[in-house]
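Geometric and topological summary
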Amino acid sequence: PSRPGQCAMDADDRRARRRPRQDHRASAASPASSSAAARAADDGAAAAAAAGPPEADYADDQLRVLQQRKASLSRIKNKQKRNMVYAKLQAETKELRSKMRKKRHRDAEEAEEKGLQAPAKRTQITVESMRAFDDTMVAPDDEEVAADEAEDEFASIFAGETRPRTLITTKIHASAHVYPFVRELLMVFPGSSFYRRGRYPLKRICQFAANRGFTHLMVVGERGKEVASLLVVRLADGPTALFRVTSTRLGADIIGHGNPSRHRPEIILNNFSTRLGHRIGRMLGSLFPHDPEFRGRRVVTFHNQRDFVFVRHHRYIFAEDGSRARLQELGPRFTLRLKWLLAGPFDTRLGDFEWFHRGKQLATGRKRFHL
């Protein structure tokens, strides 16, 4: 057994060992030199505080520190505490970004008032901006692609020789949740008509539509009482494309929506940069006549980003001085993702597939896209 007071003596020894050692050289320095060094340090700190760090660098450093603090949140084992700290860091990051953005706007306005060159805008780094180069990407002045498109299945529609007409139908035994979406598609695509599916197979419907002068067939599919797919067929010789439909929102569910008119809309096909993208863009563009009625101020946009095609329907109005335009969304709003492209008419058994999404086998990287 230990002697009385042994535990207290051991604790004193441990505290003594943890006490930092004195630097004998520093203790040997004279009081005058120590005070001079302190005055010099104070003067340097005062000068630095007066000059202040560059605001942009300081804000970047703050943002970097916040990101590092977010990365180290896994050390907090208490989930409730971790969520509270994360929410606080998110609020600080949002406030800091807002201050940086307002400062950039102020600097640009001051430079414009003084007649100086405005500071360069920061380019946002996204997965889309870091896109890997693809051999199938098309240059704007590619003569070979232009010659191919002048003789493809959609050339007569883009040249104005053929008027597009679309037959819209649904899957067999469609639920009532699909028909509001179909009703709004009829307002988007001019010259479209709806026919109930019944029990007819798709090949027979394609033949029926082609015999009655329709140029396209559109089949709306569903899963779990929600719109899930969209099949588009160019009659009568193809091609055929199947899209997955997500993020569907009807016009009635959009805050501040407008009611579309019967005017023929303008079409915007954006960011279809590969050979496959050009083909899909022309297929979507062939659903509309190419003599828009500008009086209606309607525009339908197909914007491709990371192989997701965002579909939007707006009405625009210019300001009195013509400097800018305001938009009013009409709906519907949905997103398309290409699943496969068939060269000919609808025939999934014997048809020739131009492109097929193979899931993980096709996903060679987050920076490689196909449209």
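Structure's up top.
Predicted model, so just to flag it, every value in this text is computed and none were measured.

1. Comments concerning the side chain of E222
Of note, E222 is situated in strand β3 (residues 216-223). Despite its burial, E222 remains without a salt bridge, the nearest opposite charge being carried by K171 at 4.8 Å. Setting aside anything within four residues of it in sequence, one finds E222 in contact with K171, H173, A174, S175, V178, V227 and A228.

2. Observations concerning the environment of D60
Considering the arrangement of structural elements, one finds D60 in helix α4 (residues 55-71). Apart from the residues within four sequence positions on either side, D60 is in contact with M100 and R122.

3. Quick notes on the layout of surface pockets
Looking at the second largest pocket, its volume works out to about 330 Å³. Around the second largest pocket, the lining comprises 16 residues; the ones closest to its centre are G221, E222, A228, S229 and L242. Mapped onto the lining of the second largest pocket, the elements with two or more residues apiece are β3, β4 (226-234) and β5 (240-249). Here the residues of the lining of the second largest pocket sort into 8 nonpolar, 2 polar and 6 charged.

4. What about helix α8 (residues 179-188)?
What sets the pattern is the α-helix's 3.6 residues per turn: residues three or four places apart point alike. All buried positions along α8 are accounted for by F181, V182, E184, L185 and V188. For α8, the angular spread of buried residues about the axis comes to 165°, placing them on one side.

5. A closer look at helix α9 (residues 202-211)
Within the sequence span of α9, burial applies to L202, I205, C206 and A209. All buried residues of α9 fall inside an arc of 105° around its axis, so they share one side. Projecting away from the buried face of α9 at angles above 90 degrees are the exposed residues K203, R204, Q207 and N211. Residues of α9 that are buried sit in contact with β1 (166-170), β3 and β4. Phi for G213, located one or two positions after α9, is positive at around 85°.

Definitions and cut-offs
- Residues numbered from 1 in each chain as written.
- Predicted model: local features only at pLDDT ≥ 70, side-chain atom pairs only at ≥ 80, totals over all residues.
- Heavy atoms only, no water.
- Helix = DSSP H or I, 4+ residues; strand = E, 2+ residues; numbered from the N terminus.
- Buried < 20%, exposed > 50% of the residue type's maximum accessible area, 1.4 Å probe, protein only.
- Lys, Arg positive; Asp, Glu negative; His and termini not counted.
- Salt bridge = Lys/Arg side-chain N within 4 Å of Asp/Glu carboxyl O.
- Contact = heavy atoms within 4.5 Å.
- 1 Å grid on protein atoms, 1.4 Å probe; cavity = no way out; pocket = protein on both sides within 12 Å on 5 of 7 lines; lining within 4 Å.
- Points joined across faces, edges and corners; volume = space filled by probe spheres on them.
- Nonpolar A, V, L, I, M, F, W, Y, C, P; charged D, E, K, R; others polar.
- Arc of directions from axis to C-beta.

Interpretation in functional terms is not warranted from these geometric data alone.
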